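Report on the structure
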Amino acid sequence: RPGRWWRESRYDMVHYGHSNQLRQARAMGDYLIVGVHTDEEISKHKGPPVFTQEERYKMVQAIKWVDEVVPAAPYVTTLETLDKYSCDFCVHGNDITLTVDGRDTYEEVKQAGRYRECRRTQGVSTTDLVGRMLLVTKAHHSGHEISSEYREYADSFGKCPGGRNPWTGVSQFLQTSQKIIQFASGKEPQPGETVIYVAGAFDLFHIGHVDFLEKVHGLAEKPYVIAGLHFDQEVNHYKGKNYPIMNLHERTLSVLACRYVSEVVIGAPYAVTAELLDHFKEPKRRGIFCQIDSGSDLTTDLIVQRIIKNRLEYEARNQKKEAKELAFLEARRRQEVPRERESDWDF
């Protein structure tokens, strides 16, 4: 268990899958440094990002398992980068990341034996989330089965003809108690801590939410922030269309990953009642409501508008990405076949 680990990525449209990888990476060592690519680098190798680099830097810093963020990290991880930040190893998910010319971005550190892998989170991908925004359906809400129409659309979104990439597509997220335990702090309010309750949809957990929760966290010297998440049906009632884009279980993990949140109420009532306040040992006095200006104008609606505005570019990006990955997998398969044939002659 070496001390310092390196993890880098573009971290565009950060979701609980990214957070889970960072949780796993942090568990491998004592200090996790996360490098985040610039808009220019992402556009060169992947296509246009949804969020700006400044938004992405702050989103990653808000994840509680991250000790340090390195802005403008190189797209290809080298031994020089690891040594520069005194990192023993780098870690990545068990999928592949390729440069614009189809090379493995971790080739050098793999050959040096300073590469480790963590498991990719099933049931979520950026491609799937974009598909939900573009296909106005409620199939992703809690209690709904994934329809054949939604699965066919999401599986084909931005894919090249004949694509069978094992790391893209749609699969249904299944919440378990173990996932919640892994993300939760497990700590109750302690004497001297100020309990602060906030509530909302917290859909597509983004920089606007982070700015708000950071300010809430700063209201007290020793804050204990509880975030109440509304049921999918409640969110859809006041937001309409196919909101929320992420269902209650997914939103729960996204909020639990935030360093400014101590606890989450899963399925909180829309109206904040005296019973709810008493349950969390809030002061008996009333007049405790406080309105906080996050200072950010980013909303879930604006994110969806960004996606719709650049729909063709994102589809082209996904097609290009999958074509490179399929070509890489085919080349690797061809390399493995001769080895298998040679082994037939071993006695």
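Look a little higher up for the structure.
Residues numbered from 1 in each chain as written. Predicted model: local features only at pLDDT ≥ 70, side-chain atom pairs only at ≥ 80, totals over all residues. Heavy atoms only, no water.

**What about the overall build of the protein chain?**
Let me state the cut-off plainly: Strands here mean DSSP runs of E at least two residues long; helices mean DSSP runs of H or I at least four residues long; both are numbered from the N terminus. In this analysis, two residues are considered to be in contact whenever any of their non-hydrogen atoms come within 4.5 Å of each other. Surface exposure here means Shrake-Rupley accessible area, sampled with a 1.4 Å probe, where a residue is shielded only by the protein chains that are shown.
From N to C terminus, the protein chain includes 14 helices and eight strands. In the protein chain, of all internal contacts separated by at least 6 residues, the share reaching a separation of at least 24 is 77%. By element, 50% of the accessible surface of the protein chain is carried by carbon and sulfur atoms, the whole surface being about 17,400 Å².

**A closer look at the nonpolar core**
Where we set the bar: Residues belong to one nonpolar core when they are buried, are Ala, Val, Leu, Ile, Met, Phe, Trp, Tyr or Cys, and are joined through side-chain atoms within 4.5 Å. Partly exposed residues are those whose accessible area sits between 20% and 50% of the maximum for their type, while under 20% is buried and over 50% is exposed, using a 1.4 Å probe and protein chains only.
M13, V34, M133, F202, F205, L213 and V255 are the most contacted members of the largest nonpolar core, which has 58 residues in total. Apart from the residues within four sequence positions on either side, V34 is in contact with R7, Y11, L22, V60, V66, E68, V69 and V70. Core analysis: the next-biggest nonpolar cluster, separate from the first, contains 10 residues, W6, I33, C90 and Y106 among them.

**A word on the sheet that holds strand β8 (residues 263-266)**
We apply this condition: What makes two strands pair is DSSP finding at least two bridges between them. Helix axes are fitted only over the stretch in contact, all axes being lines through C-alpha atoms; the angle between N-to-C directions runs from 0 to 180 degrees.
If you trace the three strands from one edge of the open sheet to the other, you get β6-β7-β8, paired in parallel fashion. Two strands bound the open sheet, and with one partner strand each, they are β6 (194-200) and β8. For this sheet, the mean inter-axis angle between neighbouring strands, taken without regard to orientation, is 20 degrees. As defined by bridge partners, β6 adjoins strand β7 (residues 223-229) across seven bridges and the pair is classed as parallel. Note on β7: the bridge partner recorded for V195 is Y224.

**Some details on helix α10 (residues 232-239)**
Inclusion rule: Working note: the arc is built from the helix axis to C-beta atom directions.
Within α10 the residues assigned to the buried category are D232, V235 and N236. The buried residues of α10 occupy an angular sector of 100 degrees when projected down its axis, which confines them to one face. Exposed and facing more than 90 degrees away from the buried side of α10 are Q233 and H237. Buried-residue contacts for α10 involve α11 (248-256). Positive backbone phi, approximately 75 degrees, marks G240, located one or two places after α10.

**Remarks on the pairing of strand β4 (residues 89-93)**
Burial analysis of β4 places five of its five residues in the buried class, the great majority of the element. Across the two faces of β4 the burial is the same, with F89, V91 and G93 and C90 and H92 all buried. Pairing of strand β1 (residues 4-9) with β4 involves two bridges; the strand directions are parallel. By the bridge assignment, W5 is partnered in β4 with F89. Summarising the sheet, β4 and strand β5 (residues 115-118) pair through four bridges and their orientation is parallel. In the sheet register, C90 faces β5, and the bridge partner there is Y115.

**What about the pattern of salt bridges?**
Condition: Just to be clear on terms, a salt bridge is a Lys or Arg side-chain nitrogen sitting within 4 Å of an Asp or Glu carboxyl oxygen.
Applying the stated criterion across every chain yields a total of 11 salt bridges. In this structure, D83 engages R114 in a salt bridge whose closest nitrogen and oxygen atoms are separated by 3.1 Å. Separated by 31 residues along the polypeptide, D83 in helix α4 (residues 79-84) and R114 in the loop between α5 (107-111) and β5 bring together distant segments of the chain. Of the charged contacts in the structure, one is a salt bridge between D232 and R251, with a shortest N-O distance of 2.7 Å. With D232 in helix α10 and R251 in helix α11, this pair connects stretches of sequence that are 19 residues apart. Classification of D232 by relative accessible area gives buried; the value is 2%. Where salt bridges share partners, they join K58, D211 and E214 into one cluster.

**A word on the side chain of T38**
As for its position among the elements, T38 is in the loop between β2 (31-36) and α2 (39-45). In contact with T38, other than residues within four places in its own chain, are Q53, R56, Y57 and A72.

**A look at unusual backbone geometry**
Cis geometry is adopted by the peptide bond preceding P244, which originates at Y243 and carries an omega value of 0 degrees. Mapped onto the fold, P244 is located in the loop between α10 and α11. With a phi close to 55 degrees, M13 is a non-glycine residue in the positive phi region. You can see M13 is positioned in the loop between β1 and α1 (16-27). Positioned with a positive phi, S86 is a non-glycine residue whose angle comes to about 55 degrees. Tracing the backbone through its elements, the reader meets S86 in the loop between α4 and β4.

**Quick notes on the packing of aromatic side chains**
Going by this rule: Two rings from Phe, Tyr or Trp (for Trp, the six-membered ring) form a pair when their centres are within 6.5 Å of each other. A pair whose planes differ by under 30 degrees is stacked, one over 60 is edge-to-face, and the rest are tilted.
Scanning the model with the defined rule gives six aromatic pairs in all. When the centroid spacing of 5.3 Å and the interplanar angle of 20 degrees are considered together, the rings of W6 and Y85 count as stacked. In this pair, W6 sits in strand β1 while Y85 sits in the loop between α4 and β4, placing the two residues 79 residues apart along the sequence. Centre to centre, the rings of Y106 and Y115 are 5.4 Å apart; their planes meet at 45 degrees, and the pair counts as tilted.

None of the figures reported here should be taken as evidence of function without further support.
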